[in-house]
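# Summary of the model geometry
Residues per chain are reported as follows:
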Amino acid sequence: MEKALKIRESLMSSQTYLVADGYVRLGLLYAQFGNHKKGVEYANLAKQIWQQLELPPSETYMLNGCYAKIHLLTDQFETALHHYWLAVQQAKLAFGSHHPQVTLFYTGIVGAEFDRGNYQEVIAVTDTAIREAMIPPIGLEQGFSLASVTGSPSQSTYYLCALLRYCLESQFRLYQQDTSDMTYLRQGLETAQIGSQLLQTLKNKVDGEMTLVIHSQVIAQIYRIGLQMVMALEEKLGSVPPELPWFFMERTKAHQLTKAIVAAGADQFYQLPLHLLERQKQLRAQYARLETAFLEEDVKHKQKPDYDNPYTDSLFQVQLSLDALDEEIRKAHPDYHALKMNPTFARVREIRESVLKKDPGHVLIEYCWLEDDLFVLAIQQDTHHLVRLDSVDQITALCQPIRSYLAKPEQDSTEGLNTQLQALYRQVLQPVLELNYPFPPERLTIVPDGPLCEIPFEALRLRVGGNMSYLVEQYAISYGLSGTLLLGNYTPNPSHRNLKPGIKSFSPDYTHFEPDLGGLVDDSAVFDPLENTSKLLQQLADAYPVEHYGGSEATEATFKAHASGTPVLHLNAHGFFLPELPMHSGLGLVADTAQGEDGFLYTRELFNMAIHTELAILSACNTGYGALIPGENLMSFSRGFAYAGCPSMVTSLWEQSDAPTAKILESFYRYLGEGLSKDRALQQAKVDYLSKADSYNIHPNFWAAQVLTGNLEPIQLKPSRRPQILFISLALLVVLGGVILFKRRQSKSLRR
């Protein structure tokens, strides 16, 4: 920074606004890294230049902001607040009260007052900041709708969320000072709901995974305090309606996927003009191609820190074009834009009606991991329980080694792993299952969060009647990405009425396959033939109608053209997982150069498809595993199938072994064919495997990787026999009628 400043000084007079601005920024950097003396020194240099230039006060807001931050870092609160208030007034003169810079300085004031313990002042300043930032002006006591914040820049929205976080924390602390008065607790819950609306607006305005990750820190803080208040209310009243914790928990799950699915629904129900849809499609495809080229180029030159990627500018220009198109659509079609940007979250009543379906033994268990707090909401048909788990550090310490030992069994003995799995059960599930339920739980649908997303609950260990047991031996277990997305999995799809009973399967043999992903993954990777699961798919044709694309027929182009049409879609292939680039994870099919397909089915490509099936079995490595991102959880390959319309999926959490996988899937298909629900069919298939496994193959690595997500209803694999039975019955009636008629005529002839 100092070097850059010297260059700037050499190119222009040392007494210029830009040099002063450089001094301010350098002063802030020094202060942030602990050298407060040096920070003040550079701030004073900037002040001297501004005084000599005789700039109006409206031009010196940055200087006061700099002084405020420096003094705040040295705990000189009064001086810091003085400069912050000056910065607020100067920024208003320069930009007006609605500008993000004004809101930023208000955030500094509120943060300083919060650190001093002036919680009443925090609430008052937050109210002032919101009144001035919103169009039209409003206050906390008035509340607001999404329409009132859509005019604010996303940066302002982010700062307002930070303000509300301080306000919310202050209200909670004021309640804790006097728990006999519930005024601040009620006000805090209202503030949290206002924050939720702001957060939703923020998520709708911001694109890009990394930006959402940064903003998720504020999101987690607001929802964490909101849930703490709900827990305090539960302790005070004895019980709270499930809708209250559900409101906060649901809004922390699968942000981008929910946003994408809502946008797809808007495209389906609101027909945009074809020219806009075509432009949107072309720009998205262009962006995807450029992004792939950018990443490949970046990998090739990753050892050159000063390398300038030639695709950077092109990517930026396409993103600008997409932004401009979105703004054009927003102005010309406001109803479509409102539908696209305002997701409707599931209600507890809807979950009970559509997901639990009046099954008394079915329990939905949703986890919400926010910073140092882990909340659990268990919902049964006629009851619910809200729990806060206190041993978050212990749970975190258990999850990482368990995940490693599950994925690579040679790292640990089965005995050592079982001990850890039992400890994790005691921490995360036993406190929930031991609560009072009118009916004993038999089926568990789990919405995990945080590191728990990486662990198959089936493998947890518990003691039953003096003997140790895996959880899958006691419960049918399934998963959901969120309650809202689960409800969507149960929403009837008109396209599924035309599904023909049976299975579609794709199974390349990899005989002459050499993976080449442009350096994105290890070029030495070998895709071995999947012999056991391939044989299974061939054998299924003896029991069910199967449309099988094997060997060289399993091309990427064929998959895209023929994936839909049957209740079950089975992909038997090798997957590849890119932790830093989840949208470029995928699996290997067969290339079709004539169709312009390279043979790699990427996650991002699925976001341009609509797949009509009831169950997708993604029998490949790591299809359910991905980068763990706050607010999104696992960014896995399977999310692409969820977006494409698959209401249920069987995926894998690590590299799976071919032979055990084939055994489990063979039993799974058999139980599905017998009419069992998907979760019970997979449970029974795993129990069958465990009953026959030896001491080595009983390790969870071989059987726990496959997990079921989404809709659990039974599916029809064979054509219905009702028409055949009806035809046979009619034929018998005709024959019987003919026999009776013949005998009557014969009797009459004998009388004569």
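First things first, this report covers the structure right here in the doc.

About the cut-offs
- Residues numbered from 1 in each chain as written.
- Predicted model: local features only at pLDDT ≥ 70, side-chain atom pairs only at ≥ 80, totals over all residues.
- Heavy atoms only, no water.
- Salt bridge = Lys/Arg side-chain N within 4 Å of Asp/Glu carboxyl O.
- Helix = DSSP H or I, 4+ residues; strand = E, 2+ residues; numbered from the N terminus.
- Buried < 20%, exposed > 50% of the residue type's maximum accessible area, 1.4 Å probe, protein only.
- Expected span 1.5 Å × (residues − 1).
- 1 Å grid on protein atoms, 1.4 Å probe; cavity = no way out; pocket = protein on both sides within 12 Å on 5 of 7 lines; lining within 4 Å.
- Points joined across faces, edges and corners; volume = space filled by probe spheres on them.
- Nonpolar A, V, L, I, M, F, W, Y, C, P; charged D, E, K, R; others polar.
- Core = buried A, V, L, I, M, F, W, Y, C linked by side-chain atoms within 4.5 Å.
- Contact = heavy atoms within 4.5 Å.

Turning our attention to the pattern of salt bridges. For side chains of opposite charge, pairing can occur when their charged atoms come near one another. With the rule as written, the count across this model stands at 18 salt bridges. In this structure, E78 engages R116 in a salt bridge whose closest nitrogen and oxygen atoms are separated by 2.6 Å. Here E78 is found in helix α5 (residues 77–95), whereas its partner R116 is found in the loop between α6 (100–115) and α7 (119–133), with 38 residues between them in sequence. Given a relative accessible area of 55%, E78 falls into the exposed group. Its salt-bridge partner being E597, residue K560 comes within 3.2 Å of it at the nearest N-O pair. Remark: E597 occurs in the loop between β12 (586–588) and β13 (600–602) and K560 occurs in helix α22 (residues 556–562); sequence separation between them is 37 residues. Taking the relative accessible area as the measure of exposure, E597 reaches 16% and is therefore buried.

On to helix α4 (residues 61–73). In this model α4 runs 19 Å from its N-terminal to its C-terminal C-alpha over 13 residues, within 8% of the 18 Å that 1.5 Å per residue would give. In terms of burial, α4 is largely enclosed, as 11 of its 13 residues are buried. Taken together, the buried positions of α4 are occupied by Y61, M62, L63, N64, G65, C66, Y67, A68, I70, H71 and L72. Backbone geometry just after α4 places D75 at a positive phi near 60 degrees.

This part takes up empty space enclosed by the protein. Going through the model one piece at a time under the given rule, you end up with five cavities of 30 Å³ or more. Contributing to the lining of the largest cavity are 19 residues, with C453, L481, G624, L634 and T709 lying nearest its centre. When contributions to the lining of the largest cavity are tallied by element, the ones reaching two or more residues are β16 (633–636), α24 (638–644), β17 (648–652) and β18 (706–710). The residue makeup of the lining of the largest cavity, split by class, is 10 nonpolar, seven polar and two charged.

All right, on to the nonpolar core then. Membership of the largest hydrophobic core comes to 160 residues, with the highest contact counts inside it found for I365, Y367, V428, L429, F457, L460 and F668. Looking at this core element by element, the count peaks at 10 residues for helix α8 (residues 154–177). When neighbours within four sequence positions are excluded, I365 is seen to be in contact with V376, L377, A378, L429, V432, L433, L444, T445, I446 and V447. Y510, L589, I611 and L618 belong to the second largest nonpolar core, which has 24 residues in total.

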